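Observations on the three-dimensional arrangement
Now for the letters of each chain:
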Amino acid sequence: MTTIKDLSLAIDESACAIDFSDFPEDVQLCILSFLTPPEVASFACTSKRFDSLCKSDGKLWFNMCDRRWGSKTRIKKWGNGKITYRNLYQTLSDWENLIGFWRQGGFTTSPLLIFFEWGPSFVTGFRVSPAKDGTYGVVKVPFLWMSLSPEGQVVNFLDPEGRPEILEDFADSDRFKFPESELVPVNVRLVGKTYFVVEEDTSFGARRRLSSGSGRVNGSVVDEDVIGAAESSGSPGTSPDQAVVEIYQYLANRTSPGADRASRRQRRREKQRQARRKLEPQHYVKIVDCSPTTARPLQGLWKGIDDDMALGFYLVAYDNIGGISCQKVCNPSENLCHIMRFISKQPVFWAANPTFIESPISPEEENLYTSRVHLRPSAAEDHTHQHLPLTGNEGVSRILRINFSHDLALPEWVGPNPPHAHGRIWQYGDGTFGFGSLQDSFIRDLKHVAKNGCLLDTVDPLS
């Protein structure tokens, strides 16, 4: 038998039940912005009202783009604000994996370390190299831009010369009308999440002319100047067929210097394009795990003193069984570009058992640290080249025993069987670390190259 208490509970439960359609539209859009496109498509099938809401480009798809990338780029600026947000969502989803570090394969004289980051309405690829100003600074030079045209088409440009002054111009100018002699239109072909190829887009010029209103007559490109001149020579109310005849007549009879200007300009651009050697395909591989984690505190890209006492890059990686290895990131020199490698085959150091020595630290280990000189760039802000204490700002949180490459620890060794070299890693309280061999009296202090997706200590390449 139903009691009064049961009825009151049923009434309370029904009063607390709230349907999704009862929420205001802005709340609904906020909730739906967390869905993926397939989930949005499934939800749209539940009712006609929700189908209309899910098809709302300026509401739902804008919210989806803004929630995911609004803090990284200016959503409304892409494609000059003329593209659909659904198209933008799909494009940015494909390009999001580009953000971070890559390396270029093959032979080149350019820096091989690549870093992608978000721009206001484009994604930019930078070539990264150590600065030569005696600091921990790094130089980043833009060379690849990826964006969308107002028509929603993907447009990519590459600067073979890597001119840093183009970055500001690209952001503030009509970026789809650069002369072909300055930037090379390219196709960027993504293969999975860890590989992409850049190839020259030889059809970009024709597509640009067509999209800008130019036409073709029997396969010949007709410039806007030509069409405008032909239209001005015709009478008002000219039929389409007669307009074509007048264009033909104009092309056949233009002999004046003013009329021939457009043709000369077109031929000059064509000669410039032919004079430039065709861009060879460029291959890039992603550097995964380029930042430290709680479980892998030494992992990632680091910067510190190299063998020649200049700033260099180091890559520390963990293997599947917990071992650690560190290798130098090599940039090609102008004279040895065909024999230099991106990453040295011989590791700088490695550890098969990355078990740290935790506090309290023994007097013997403390003496190994305090008796050594810290090697840092000569103009670094905290440069000392002196013995540093074990505690304080330079405090060591823990120590790791490592093995060293003999050519770094014992550069003068010439025997066939070099002795096993040992060393230490001293991890500091701020997460950075230094390493050194027991065969010398130095510590090479390393710092982050990037943090939270941003390059650190960047310097002006023009300075």
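Refer to the structure presented above.
Residues numbered from 1 in each chain as written. Predicted model: local features only at pLDDT ≥ 70, side-chain atom pairs only at ≥ 80, totals over all residues. Heavy atoms only, no water.

The number of helices and strands found in the protein is 13 helices and 22 strands. For the protein, contacts bridging at least 24 residues in sequence account for 55% of all contacts bridging at least 6. (Helix = DSSP H or I, 4+ residues; strand = E, 2+ residues; numbered from the N terminus. Contact = heavy atoms within 4.5 Å.)

Mapped onto the elements, Thr73 comes out in the loop between α5 (57-69) and α6 (85-95). On the accessibility criterion, Thr73 (6% relative accessible area) is buried. A distance of 3.0 Å separates the side chain of Thr73 from the side chain of Trp78, its partner in a polar contact. Beyond its immediate stretch of four places on either side in the chain, Thr73 contacts Trp78, Trp118, Gly119, Pro120 and Ser121. (Buried < 20%, exposed > 50% of the residue type's maximum accessible area, 1.4 Å probe, protein only. Polar contact = N/O pair within 3.5 Å; in protein donor to acceptor, adjacent residues only side chain to side chain.)

For strand β2 (residues 113-118), the buried fraction is high: six of the six residues fall into the buried class. Here strand β1 (residues 100-104) runs beside β2; their pairing, made up of four bridges, is antiparallel. In the sheet register, Arg103 faces β2, and the bridge partner there is Leu113. Pairing between β2 and strand β3 (residues 123-130): six bridges, direction antiparallel. Counted as the bridge partner of Leu113 is Val128 from β3. (Pairing = 2+ DSSP bridges.)

Turning next to unusual backbone geometry. Of note, the amide linkage connecting Ser359 to Pro360 takes the cis form, showing an omega dihedral of 5°. Mapped onto the elements of the fold, Pro360 is located in the loop between β14 (349-351) and α12 (363-370). Backbone geometry places Asp289, a non-glycine residue, at a positive phi of 55°. Mapped onto the secondary structure, Asp289 falls in the loop between β10 (282-286) and β11 (300-305). Classification of Asp289 as partly exposed rests on a relative accessible area of 45%.

Following the criterion strictly, the structure yields ten salt bridges and no others. Asp457 is the partner of Lys303 in a salt bridge, and the nearest nitrogen-oxygen pair spans 2.8 Å. Residue Lys303 is located in strand β11, and its partner Asp457 is located in the loop between β21 (454-455) and β22 (458-459); the two are separated by 154 residues in the primary sequence. Taking the relative accessible area as the measure of exposure, Lys303 reaches 0% and is therefore buried. The closest approach of N and O atoms between Arg424 and Glu365, which form a salt bridge, is 3.1 Å. Taken together, the positions of Arg424 in strand β17 (residues 421-428) and Glu365 in helix α12 put the pair 59 residues apart, joining distant regions of the chain. A relative accessible area of 9% means that Arg424 is categorised as buried. Its relative accessible area of 6% is what places Glu365 among the buried residues. Ionic contacts of the salt-bridge type, sharing partners, join the residues Arg68, Lys72 and Glu96 into one network. (Salt bridge = Lys/Arg side-chain N within 4 Å of Asp/Glu carboxyl O.)

Attention shifts here to the environment of Gly105. Checked against the element boundaries, Gly105 lands in the loop between β1 and β2. Measuring from C-alpha to C-alpha, the distance between Gly105 and Tyr284 comes to 5.8 Å, with 179 residues separating the pair along the chain.

In this section: the packing of helix α2 (residues 25-32) against α5. Following both chains from N to C, one finds α2 and α5 inclined at 45°, their axes separated by 9 Å at the closest point. Taken together, the axes of α2 and α5 are oblique relative to one another. For α2 against α5, the interelement crossing comes out right-handed. Here α2 contributes Glu25, Leu29 and Leu32 to the contact with α5, which in turn contributes Lys59, Leu60, Asn63 and Met64. For the contact of α2 with α5, a count of residues per class yields four nonpolar, one polar and two charged. (Axes fitted to C-alpha atoms, helices over the stretch in contact; angles between N-to-C directions. Parallel < 35°, antiparallel > 145°, perpendicular 65-115°, else oblique. Left-handed = near helix turned anticlockwise from the far one by under 90°. Nonpolar A, V, L, I, M, F, W, Y, C, P; charged D, E, K, R; others polar.)

Our next topic: helix α3 (residues 37-44). Among the residues making up α3, those that are buried are Val40, Phe43 and Ala44. Buried residues of α3, seen end-on, are gathered within an arc of 100° and therefore sit on one face of the element. Tucked into the core, α3 has its buried residues touching α2, α4 (48-54) and α5. (Arc of directions from axis to C-beta.)

Together, Ile18, Phe23, Val27 and Ile31 make up an exposed nonpolar region whose accessible area comes to about 320 Å². Looking at where Ile18 falls in the secondary structure, it is placed in the loop between α1 (4-16) and α2. (Patch = residues over 30% accessible without salt bridge, like charges linked within 9 Å, V, L, I, M, F, W, Y side chains within 5 Å. Areas by Shrake-Rupley, 256 points an atom, 1.4 Å probe, with all protein chains shown as cover.)

Within the secondary structure, Val191 sits in strand β6 (residues 184-191). Residue classification places Val191 among the partly exposed residues on the basis of a relative accessible area of 36%. In this structure the C-alpha to C-alpha distance between Val191 and Val285, which are 94 residues apart in sequence, comes to 9.9 Å.

It is worth spelling out the nonpolar core at this point. Membership of the largest hydrophobic core comes to 40 residues, with the highest contact counts inside it found for Trp78, Leu88, Phe116 and Leu144. The greatest single-element share of this core, amounting to six residues, is contributed by α5. Residues lining this core come from more than one domain, with at least three contributed by each of domain 1 (20-78) and domain 2 (94-203). With sequence-adjacent residues up to four places away left out, Phe116 is seen in contact with Leu98, Ile99, Gly100, Trp102, Val123, Thr124, Gly125, Leu144, Met146 and Phe196. Membership of the second largest hydrophobic core comes to 19 residues, among which are Phe356, Phe404, Ile425 and Leu446. (Core = buried A, V, L, I, M, F, W, Y, C linked by side-chain atoms within 4.5 Å. Domains from an automatic or database assignment.)

These figures capture arrangement, not role.
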